Structure formats: structure tokens, C-alpha cells
Amino acid sequence: MSESRATWTKYSSPQAFYPLAGKLIPWFAGLAMICLAAGLYIGFLVAPTDFQQGDSYRIIFVHVPAAWMSMFLYVVMAGWAAVGLGLKARPSFMMAQAIAPTGALFTFLALFTGAFWGKPTWGAWWVWDARLTSELILLFQYAGVMLLHASIDDLRRADRASAVLALVGVVNVPIIYFSVRWWNTLHQGASVSMTAAPKMAATMLSAMGIMALGFWMYSAAVALMRVRCIILERERQASWAQIERGA
Amino acid sequence: MLEIIDVACMRGNRVLFSALNLTVPPGVLVAIVGENGSGKSSLLRLLSGLLPREQGRIRWNGTDIDALDDDYRRHLTYLGHLNGIKDDLTPIENLQISAELFGDDRSSASARGALQAVGLGRHTESLPTRVLSQGQKRRVALARLWLSRRPLWILDEPFAALDDVGTALLTERLSRHLDAGGMAVVATHQAIGVRSESLRSLRLSG
Amino acid sequence: MLEIIDVACMRGNRVLFSALNLTVPPGVLVAIVGENGSGKSSLLRLLSGLLPREQGRIRWNGTDIDALDDDYRRHLTYLGHLNGIKDDLTPIENLQISAELFGDDRSSASARGALQAVGLGRHTESLPTRVLSQGQKRRVALARLWLSRRPLWILDEPFAALDDVGTALLTERLSRHLDAGGMAVVATHQAIGVRSESLRSLRLSG
Amino acid sequence: MQWGSLNEFLAMGGYGAYVWPSFGATALCMIWEVLLLRRRHAAIRAALHQSAASVEVAS
Amino acid sequence: MSQAGLSAVVRAIVRRDVLLAFRRQADVMTAVFFFVIVASLFPLGVSPEPAVLRMIAPGVLWVAALLSCLLSLGRVFTADYQDGVLEQMVLIPHPLAVLVSAKVFAHWVVSGLPIVVLSLLLGVQFGLEGEALGVLALSLLLGTPALSLIGSIGAALTLGVRGGGMLVALLVLPLFIPVLIFGSGAVSSTVSGIGAEANLSLLGAALVLALPLAPWAAAAAVRIAVE
Amino acid sequence: MSQAGLSAVVRAIVRRDVLLAFRRQADVMTAVFFFVIVASLFPLGVSPEPAVLRMIAPGVLWVAALLSCLLSLGRVFTADYQDGVLEQMVLIPHPLAVLVSAKVFAHWVVSGLPIVVLSLLLGVQFGLEGEALGVLALSLLLGTPALSLIGSIGAALTLGVRGGGMLVALLVLPLFIPVLIFGSGAVSSTVSGIGAEANLSLLGAALVLALPLAPWAAAAAVRIAVE
Ligand code: HEM
Ligand SMILES: Nc1ncnc2c1ncn2[C@@H]1O[C@H](COP(=O)(O)OP(=O)(O)OP(=O)(O)O)[C@@H](O)[C@H]1O
Ligand SMILES: Nc1ncnc2c1ncn2[C@@H]1O[C@H](COP(=O)(O)OP(=O)(O)OP(=O)(O)O)[C@@H](O)[C@H]1O
Ligand SMILES: [Mg+2]
Ligand SMILES: [Mg+2]
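Along each chain, residues carry numbers from 1 onward, in the same order as the chain's sequence is written. For this description, chains carry letters from A and ligands carry numbers from 1, given in the order in which they are written. Totals for whole chains, interfaces and linings use every residue, but because this is a predicted model, local features are given only for residues with pLDDT of at least 70 and side-chain atom pairs only at 80 or more, for both listing and counting. Processing note: side-chain calculations cover all non-hydrogen atoms of the structure and skip hydrogens and water entirely.

Caption draft 1: Region of the structure containing the overall build of chain B. Across its full length, chain B holds eight helices and nine strands. Radius of gyration: over C-alpha atoms. The globule rule applied is 2.2 Å multiplied by the number of residues raised to the 0.38 power. On C-alpha atoms alone, chain B measures out to a radius of gyration of 17 Å, which is about the 17 Å that the 2.2 N^0.38 rule sets for 206 residues. Judged by the C-alpha coordinates and their principal axes, chain B covers about 50 × 35 × 35 Å. Per-residue burial for chain B yields a buried fraction of 62% across its 206 residues. In this description, accessible areas are obtained by the Shrake-Rupley approach with a 1.4 Å probe, and a residue is regarded as covered only by the protein chains that are shown. Surface exposure of chain B reaches about 7600 Å², of which carbon and sulfur atoms provide 47%. Under the DSSP-based scheme used, a helix requires at least four consecutive residues in state H or I and a strand at least two consecutive residues in state E, with every element numbered from the N terminus. Whether a residue is buried, partly exposed or exposed follows from its accessible area with a 1.4 Å probe, protein chains only, as a fraction of its type maximum: under 20%, in between, or over 50%, in that order.

Caption draft 2: Expanded view of the side chain of D:His41. By the element assignment, D:His41 lies in helix H2 (residues 16-58). Should any heavy atoms of two residues lie within 4.5 Å, those residues are counted as being in contact. Apart from residues lying up to four places away in sequence, D:His41 is in contact with A:Tyr18, A:Arg228, A:Cys229 and A:Leu232.

Caption draft 3: Just the site of ligand 2, in detail. For each residue, the test is whether any non-hydrogen atom lies within 4 Å of the molecule or strand; if one does, the residue is near. Taken together, 23 residues lie near ligand 2, and B:Lys40, B:Ser41, B:Ser42, C:Ser133 and C:Gly135 sit nearest. Residues lining ligand 2 come from chains A, B and C. Pairing of N or O atoms within 3.5 Å defines a polar contact, subject to two protein rules: one partner must be a possible hydrogen donor and the other a possible acceptor, and residues neighboring in sequence count only if both atoms are side-chain atoms. Between an oxygen atom of ligand 2 and a main-chain N or O atom of B:Ser38, the distance comes to 3.3 Å. Relative to its free-state accessible area of 650 Å², ligand 2 is covered by the protein chains to the extent of 93%.

Caption draft 4: Region of the structure containing the pattern of salt bridges. Any carboxyl oxygen of Asp or Glu within 4 Å of a side-chain nitrogen of Lys or Arg constitutes a salt bridge here. Taken as a whole, this structure holds 50 salt bridges over all chains when the rule is applied. B:Asp71 is the partner of B:Arg74 in a salt bridge, and the nearest nitrogen-oxygen pair spans 2.7 Å. Measuring nitrogen to oxygen at the nearest pair gives 2.6 Å for the salt bridge that ties C:Asp70 to C:Arg73. A residue pair is termed a helical-turn pair when its members lie 3 or 4 positions apart in one helix, as C:Asp70 and C:Arg73 do in helix H3 (residues 70-73) at three residues. You can call C:Asp70 buried: its relative accessible area is 17%. You can call C:Arg73 buried: its relative accessible area is 10%. Taken together, the shared-partner salt bridges connect B:Lys86, E:Arg16, E:Asp17, E:Asp80, E:Asp83 and E:Lys103 into one network.

Caption draft 5: Expanded view of the site of ligand 3. Taken together, the neighbourhood of ligand 3 is formed by 22 residues, with B:Ser133, B:Gly135, C:Lys40, C:Ser41 and C:Ser42 sitting nearest. One of the side-chain N or O atoms of B:Gln136 is found 3.2 Å from an oxygen atom in ligand 3. At a separation of 2.8 Å, an oxygen atom of ligand 3 approaches a polar backbone atom of C:Gly37. Protein burial of ligand 3: of its 650 Å² of free accessible surface, 92% is covered by the chains. Residue assignment for the shell around ligand 3 shows that the elements contributing at least two residues are helix H7 (134-147) of chain B together with strand S2 (14-24) and helix H1 (40-48) of chain C. Ten residue types, Ala, Val, Leu, Ile, Met, Phe, Trp, Tyr, Cys and Pro, are classed as nonpolar, four, Asp, Glu, Lys and Arg, as charged, and the remainder, Gly among them, as polar. The class makeup of the residues in the shell around ligand 3 is four nonpolar, 13 polar and five charged.

Caption draft 6: Inspection of the coordination of the magnesium ion (ligand 4) at higher detail. Residues and elements named next belong to chain B. Water is not part of the atom set, so a site may look incomplete; the donors themselves are N, O and S atoms within 2.8 Å of the metal, or 3.2 Å for Na, K and Ca. Protein-derived coordination of the magnesium ion (ligand 4) comes from Ser-41 (OG) and His-81 (NE2), at a distance range of 1.9 to 2.7 Å. With a gap of 40 residues between them, Ser-41 in helix H1 (residues 40-48) and His-81 in the loop between strand S6 (76-79) and helix H4 (91-102) connect regions that are remote in the sequence. Take Ser-41: its relative accessible area is 22%, and that puts it in the partly exposed class. Residue His-81 is classed as partly exposed on the basis of its relative accessible area of 27%.

Caption draft 7: Quick look at the sheet that holds strand S2 (residues 14-24) of chain B. All names here are of chain B. For two strands to be treated as a pair, DSSP must find at least two bridges joining them. Here four strands make up an open sheet; going across it, the order is S2-S1-S4-S5 and the pairing antiparallel. Each edge of the open sheet is held by one strand with a lone partner, namely S2 and strand S5 (63-64). In the sheet, strand S4 (residues 55-60) pairs with S5 via two bridges, with the strands oriented antiparallel. Looking across to S5, one finds that Trp-60 is bridged to Thr-63. Comment: axis = line fitted to C-alpha atoms, over the contacting stretch for helices; angle = value between 0 and 180 degrees taken between N-to-C directions. Lying on the sheet, H1 is in contact with strand S1 (2-11), S2 and S4; it crosses S1 at an angle near 125°.

Caption draft 8: Molecular detail of helix H5 (residues 96-125) of chain F. Between its first and last C-alpha, H5(F) extends 42 Å over 30 residues, near the 44 Å set by a 1.5 Å rise per residue. A residue's bend is given by the angle between axes fitted to the 7 residues ending at it and the 7 residues starting at it. Most pronounced at F:Trp108, the bend in H5(F) amounts to some 40°. Given a helix with a known number of residues, its expected span is that number minus one, times 1.5 Å.

Given below as C-alpha cells:
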């Protein structure tokens, strides 16, 4: 018990976390590159053309992983926020802060690639469908968390305030998803529905899975890189950070 | 009795003070002095529990104030830089409502009495606090002290904006509070005229 | 020279003062004293032209200030209860912009010099003013005086929230201003340490 | 392998104008994010160097 | 030491806030006027045709109510924060979440309730009738307290923050969306004859969920703000 | 005595306000996000059907722009009033109306201009295309400065009149209505193929009229506020 507690406090202090993150980054980055290369190879050169959508379906290989990551990263961010509030651990807040931009980026990418998929398939860049709308709102939630953090001078306050917001938001994400979906089906028929996408061949599915894994690794690497920056910025005057200048 | 043990305060990467120790026994007023920006206000906010503290302990009658929580606040009257009064209400309404919120004596007679004690005449009683002068507003806020029966007072520059009469009135109230066994921690830039036996002073060196 | 002739001030049905006469010749500081609510701040706002006056005349070098309008304001530096600085800007930005607005010396070197003169060290220079302490904020506002070449200063409780060092610095600046033939009207609750030949005092009796 | 030529590959069965911007934007964003982070890290390190140097000079 | 019972304190807070609102009567009017004006802008901006108006009525009236709530809410804590009343409230020896609820309740009485009443009038202007009108008012009666509760979180989070006013909108609007969807959904499904029960019960569920959770989050935010 | 030229002072005011806005970057983002979010509320509240959306788009986008302008403007003077910068501005030895115009201009650059740009994106989301999109942006380019100018009167009036503040601001909203009608009229007439010239020139006229009159009125209101 006391043993595990000791390790916990060890890694919950920024100066222990900084080198640990530094060691992990190359691994995640390497895995990400391997996965992405493999995913792209299968996606473009192995997977066959879809008989309904033609080759436009290949957008799926970035769209779906981006959409998944956007939601997954929000949950992870909220998790770190909760840990930070509960244990008053600074690195947790830093992790939450480090994840937000990447999450927002993937949300944007899901919207962007979705729009470029929607134009050829539906004939419109945008429709107010349940998934699309909830993804847009997710972008607003990310923006809210980041802007709130940026608007508060005192870092400690900024950390805790945006953590509270992230937690409230994570309750909201599923509610939004279902409410929008429900609203949508009430009003209009299933003129647009992504579940009507063609049954996917095994190669397509595996390409998508590998790409998703690549995005996952990428997110981990980038979040760790960002958290290292944040640690250094915040602990600027701490002596260990000064020592780190040569590393 | 309030004990401050090894407390440090850091704001925005700068350590304002550290390893601060202080005991406030009954009947004693501790004047916190120091230059502008030395951390007087921050210390008072730490003591009142408004500012979460990262290091050290603060004990009230032997128990940590974080553990006491509401039980600590029940013994506390805090008055910050801000007056904590509503501009749109009259002085008497302000006073009565805050008495009610803090469980002090809330009859309108005693509120009126407190306002008189603090030197606010009848003609200001029914004006909205908004139109009062700087010093008059401060007096409205201070009037709470005339109703408070709580043992620990934490006051941030209570004499600011007060004229000589106001200063004398407040000093007199502080003395009575100390005589009754009360404690006070007061940040100030000027000398406080209470009996020297009950006066201690803590200088923050910034 | 500022002349105040037979001026009265009424606020909310109450006459604060009437038939007030006062002359401020060059090199003289007039301290406006009086109880809380006696109308000091109101008088200063009248003098600066912020509060329209209902009775009496105020003349600057022999001409009514209403007639002079901008030509009067060009000779005036007013500092009220409020600091008139932007919380989100750094002290140096605040100072430079206000120098620019009022046509004072706006080089960054002199702004930095003014801040140093008023006792704000390097480490506060680049913080947003929002996080400064009460007294430090007041110093940022007062730093304008170190840049101002204008002959008439109207200051409302400039010493409030300042510590002893700050008070000394400001007193010294006031003395230099008077020596250079400047005029000042200062509302205050405490004694001002300038040479007694150049100090006059006006008591408002409320 | 289903692509006869590079042109055919780039045309993406007529959907090139939609497929490539999607992949391109994704790639750009990801690379941009990494570059930005490396720059940020380098900048902080440089700043730390400087302040450390000035500390040494002062002491 | 002397101590006031929790209920006395809650009553005192509600009384003070309502008193303040009546002291500046214009403030009460504002939330209401804003609602009316935003709702009336649409016939001007969109189209005055009755058929169109009836169709967009549920959405427009709900959006107007939502915005009105949002704007008036932004002010609630701000004033208290600036004059130091909020830090005094944190020091009251009672659970802060309850005190926050009291403030939210007072806010709703002053600016939510009038909107509910007024919606009946505006609904008629937009050509709503009979049952739809009743459902509109009922949905607002359930929805506006939920909006006030949720909004209080955003209002508290943005205290003392640079550029607070609009940031509130950004933080809170995403959280408002389910309420908006259920609320306007209830009305439009009545208009199209489907029946509003499902939407109304979801709205009720949202209220029940917000009732304990929102004050708790808002209280945490208030504590962070006054530190 | 030393004196700054009027143009230097105007530049300084614009620079300060823009600097402040960039200092709190979040603020600029927020006005923009507010616009986007309010616009997105309507598909949620009204109906997601493209045909309906295309019809209400001009009105909705214009109302969203109007609200965003109104709200962000409200803050400009308030902050200056509370920290005493406004009373210092009154004491600057230059015509106050010009100084007020400088503030309004800075405000428009920071929060009006981004809306104009963003309206292009939102127009697409609402199914507008080609010429209609261009007219939307053009109408906002002419209209938002007019809104800022007119709004500044209300913003200044709300400072002085204690409590009654918002009430006066509501008196300003009716002045917004012509701008709203011309603006959304221009877009919807393009959508229905009538041509937007008439509406656009009326919008231009409104701007030309507001340009000298509004700062003058706002300056008078500011003077009252600081007394
Ligand atoms: C801007 C437009 C779009 C957005 C914001 C968007 C958003 C999303 C999101 C959030 C998901 C993940 C949902 C989940 O895993 O449950 C997703 C998955 C998916 N999207 Fe999109 N989408 C857009 C356009 C499109 C279009 C046009 C298509 C194809 C016609 C499409 C096809 C898919 C498919 C096939 C999936 C995976 C479905 C699944 O895993 O169940 N999306 N999209
Ligand atoms: N978020 C922050 N970032 C950086 N510095 C901060 C922050 N918050 C407070 N400070 C600094 O901490 C100090 C706080 O001072 P505090 O208000 O406690 O001083 P004080 O002793 O009460 O001064 P005064 O006599 O002027 O009231 C100031 O120097 C201020 O600059
Ligand atoms: N609108 C109003 N209605 C009624 N009384 C008013 C109004 N405005 C101001 N007053 C009164 O006028 C007086 C104004 O005082 P002023 O602020 O000038 O005082 P002061 O001498 O500066 O006081 P202090 O030393 O407290 O700063 C106060 O007594 C106030 O109550
Ligand atoms: Mg202080
Ligand atoms: Mg005064």
C-alpha cells in the first residue's frame, strides 16, 4: 500500500513525469508511423473500389478514425480532469490541458473530411444530421474548455475551472448525441443516415482499424510532447527544469 | 486560538512568503504590515479559507480548518478590500440581510444602532448605498462588526478611506472585541490604536 | 491659476457645500480635507469639469473653464478614486497608452523610468495589472504623474492603499511639481508632507 | 493492385477532388501540430538556457 | 456561536435577490423585453407569412427564451463577484451548493417565470393555438429552470475571467442544446399532432438531472472564482 | 502645454482596444463563436430540413449577427466605465465624439469583421449558394458597422442611467430593425431572384446616416454617465 503510494507520488510530480514522457514519445511516434503507413497502403492499394460509392468511400480511412478519436479524447481529457480535481495532482491537469488541442484538431478533421465526403455522396457539404450536429457541438465544447483555460491568468484557477467544465461537458456528450438523434428522427425521415453506409469488406475494415490505431498512437505521442512543453513552461523557475536545459 | 504553522504562499510563480508561523491567542490583535504587494491580502485570504493553501497548516482551537470547514467559518468574520455590500440596497437593508446570512442579530433596531455607531446619520440610512461616498460605503461594510459576536475577525485594510472620526470609532470597536476575548488579524498601512498589551505585529518582507 | 468663485454643490437634494471660494496660485497645493461624505470627491469632479456645476464660476487663468473646454483639459491631470487603468494590459502598456492619449512623453524608456520611480520593480512590469496588489495598482495609476508636464493636478485620495515608501515617493513628486510652478488640488485623509509654504488646506464641513 | 496508372490513382475514380483534400488536410494538420510542438519545445529550452545563463552571471 | 438555520439563510438570499431585482425594475423588464424583441425580430427578418411563422414558432420562441435566460444569467454572479458579496457568500457556514441554488431560484422567479407567462401571448402572435400554446408554456415551465441551473455553471466559471460575457455563451450554449431540442420538439410535435409526452418527460428528466448536479458544479466554480 | 494630434490619439485608442482584444484572444474568438452557435441553434430548434433552412437563413444569420454585435458592444464601454478609463477619456482635450468613433471602429474590427468572414461559411451550412452568399457577406459588411455605431448609443446610455440601463438599451433595438430588414431583405431578395440593389443601397444610406450622428449621441451619453 505504502509502496504503491510512493510510486504514485513519484510520477505525480512534474519532474518525474517529464523524463518519463520523453522516453515514451519515440515509441508512440514510431508505432503511429508504422500503423499509418500500413493503413494507407491497405486503404489505397489493397482495398477494392466500393461498388456504390466508388472511390469516395476511401475518405472513411481518415474520417472515421478522426471521429472516433475526437470523442475518445474528450473522455480521456475529462478523466484526467477528474483525477486532477480529486487528487489535486498538477500533472493530471497538465495532461488534460495537453489533450484538448489534439482532440479539437481531430474534431475539426472529422467535420472537414465528413464535409468532403458529404458533398459527393449527399450532394451537400453539410446537413443537420444527428452525428454531424453533435460533432459540431463537441467542437464547441473543446473550444470552451480551451478558451476558458486561456482566459484565466492564474494557472491554478485555470486548471480547476476548465476541469469542472470538461467534467460537465462529458455528461453532456451522450445526452447531446441521443437528443439530437431523437430530434432528427422525429422531424424527418431517414433521408440521410450514415448507418446506411455499405457493408464493409474485411480489407476496408482492417484498413480503418489500423488507421484508427495509428491515430491513437499519434495522439498519445503528441499529447506527451505537449505536456512536456507545458511542464517546462510552468516549472520554469524550478531548479530541475534548469538542469533539464542541457538534456 | 488560531495557529498558523509553516504556511507558504505562492502566486503566479513567485513565493510571497514561506515558513510563516503565527499564533493568535484570545484577546490579541495581530497587525499584518508590509509593503504593497508583500502578500498581506493573500495571507488573510489564506486564513479565511478563501485561498486554498498548498503548504503548511492552519489550526483553529487545535483542529485543522480544512477539517472544520463550516465549523470554522461559523467563528469567522472576514472583510476584504471589497465591501461586500449591494449598491442598490440601502445601508440598513444591506446590514440586515448580511446579519441574517451570518446568523447575527438581525432586528432592524440593532442594524440601525450599528449604523449609528459607525457614524452614519439618519439621512444616509434610506439612500441606496451607491450614492454614498467612498468612506461612507466602507462604514456600511464595517457596521457588520458592531453586530458580529464571532471570535475571529479578519480585516483587510479596514481603515482605508476612513476619516479620523471613523478611525477612532473602529479602533474603539476593536478594543472592545479584544477585551471580550476576541481575536483579530488586520492588514493595515497605519498604526492601530488599541492597547499595546493586546497588539502584535507581523511584518511581511515581500 | 485656478479660481473657484461662489461654487455650490448639491447632490440628491442635499447641499454639500455652497458659496465656496478658493484660489490656487502656481506653486501651491490645496489639500481638501473633511469627513467622509463631506463632498471632497464631488468638488474635485466639479473642478475637473466631469460634474456639471449648477452655481458659481470656475476660472482658469481668468477664463471660465466652460468657455475654455478642451483648452482647459489640456492643462489638467485628474486622478479619481478609480485607477483608470486596464487590468489586462501590463503596467508599461497602460502607462504608454495613457501618455499617448494625453500627449505626454510616450517613449517606452520614460514609461519604464516612471514605473521605477513609483517603486514598481522589473518583475511586475510584464504582469497583467489584474494580478497586482491593491497598492501596486494604485502606483501604476500614479506613475502618470511622473510623465505629466501639465500644470494642474487634481488627485482624489492618491495616498489610499499606499505603504510608507509609496507615500514618500508621491510626496517627493508633488514637491517637485510645486517647485516647478505647478498647482495641485488633493483630497486626502492624511497629512501631506510637502513644504508648508506651498501647502494650503480647505476643510469641507459636510 | 487496382490502379492502372498514376493518373488513375490521382483521379480516384472521379472523386479525387474530395478524397485528396481530406487526406491532405489530415496530413497537413498532423504534421503542422508536430512541427508547432517541436518549435514550442525548442523555444522554451532556449528561454531556459538564457535565464540559466543570466542566473550564473548574476551569482 | 450564533447560527442561522439553513432555511432562514436560503430565504434571506432569495429575498435579497428578488428585492434587488425589484429595486432595479428595469432589469426584470429587460429579460422579458429581450425575449419579446428577439421573438419579434424574426417575422421581420424571415418572413411575415402565417404558415411559415407557425412552422418556425416553436423553435424561434424557444431560442428567444434560451438567449434571454443566457443573457440575464450572465449578470447574476458577476455583480456579486465585483462587489465582494460572493466571497462573503462562500464564507457563510452552510453548503455552498444550496446557497447557489437559492440564487438560481431567485433568478428564475425574476426572469424565467415572466417568460413562461409571456410566451402565451407571443405564441398567439405566431399563430399557435389551443393545445400547442399550452404545451409551449408547459415546456418553458419545465425548461427555463433547467436552463437557469445549467447556465449558472457557466456564469460561475467565467467570473473574473477576461471577456467573461461572451465566454459564458460559448460554455453554456452547448449544454443548453438538449433542453432546446426537447422543448421545441414538444411544441412542434404537438403542432404536427404527434403528442408531446415523450419530449416533455425528457425535459422533466433534464430538470431532475440538473437540479442536484448543476448547483454542485456551480458551487465548485464559485469557490475557484473567489480564491 | 504638450499636446497630441487628434489622429495620434485616435490611433492610440484603436491600438489599445485592438491590443486588449488580442490580449484576451478568447474574447475575439468568443464573439465569433457566439455568432456561430446562435446560428446553429436554429436548425436545432426549428427544423433541419434544407428547404426550410434555406428560407430562414437570411433572417437567422442577420439576427445572429445583430445579437452578437449588441452583446459584445455592451461590454466595450462598461469595462472602461468601471475601471475609470472612460472618465479619463472624457478629459482628453479632443472632441469626444471622435474618440468614441475610434472605440467603435476598434470594436467593429475585432468583432464585426470576423462575423462578415464567417457568414460565408455559415451561409453554406444553411444551403445558400453563389450570389446569395456574396450578397450576405456584402450586406453584413455594410450593416455591421451601422449596428456597431447605433449600438454604441445604447451601450453608452446604459452606463449612466442607473438600474434603468437595460431599458434604454432596449430603446436602441428598434433602431436596429431597419438595418435588419434591409440586410436580410437584400439576401432573401437575391435568393428569390429579385436583385438586392435597392436593399443594399438603403443599407448604405443607413450607414452613412449613422456615421456622424451616432458617435455624437453616444458622446453625449458618455458625458452624462461619468458625471
Ligand atoms: C461533416 C460531416 C460529417 C461528420 C461531422 C461526421 C461525423 C461522424 C462521427 C462523429 C462518426 C463516429 C460515429 C460513431 O462511431 O458512432 C462518424 C462515423 C462514420 N461516418 Fe461520418 N460524419 C460526416 C459525414 C459523413 C459522410 C458524408 C459519410 C458517408 C456517406 C459518413 C460516413 C461515416 C461512417 C460510415 C462512419 C462509421 C460508422 C460507424 O462506425 O458506425 N460520414 N462520422
Ligand atoms: N496570478 C498572479 N500572478 C502573478 N502574481 C500574482 C498573482 N496574484 C497575485 N500576485 C502577486 O502577489 C502579490 C499579492 O499581493 P497582495 O494582494 O497579497 O499584497 P498586499 O500585501 O495585500 O499589498 P497591498 O498593500 O498593495 O494591498 C502581488 O505582488 C501580486 O503581484
Ligand atoms: N445621487 C445622490 N443622491 C443623494 N446623495 C448623494 C448623491 N450623490 C452623492 N450624494 C452624497 O453626496 C456626498 C458625496 O460625497 P463625496 O463622494 O463627494 O464625499 P467625499 O468627501 O469624497 O467622501 P469620502 O471621504 O468618503 O470619499 C455623500 O454624502 C453622498 O451621500
Ligand atoms: Mg492588499
Ligand atoms: Mg471621496
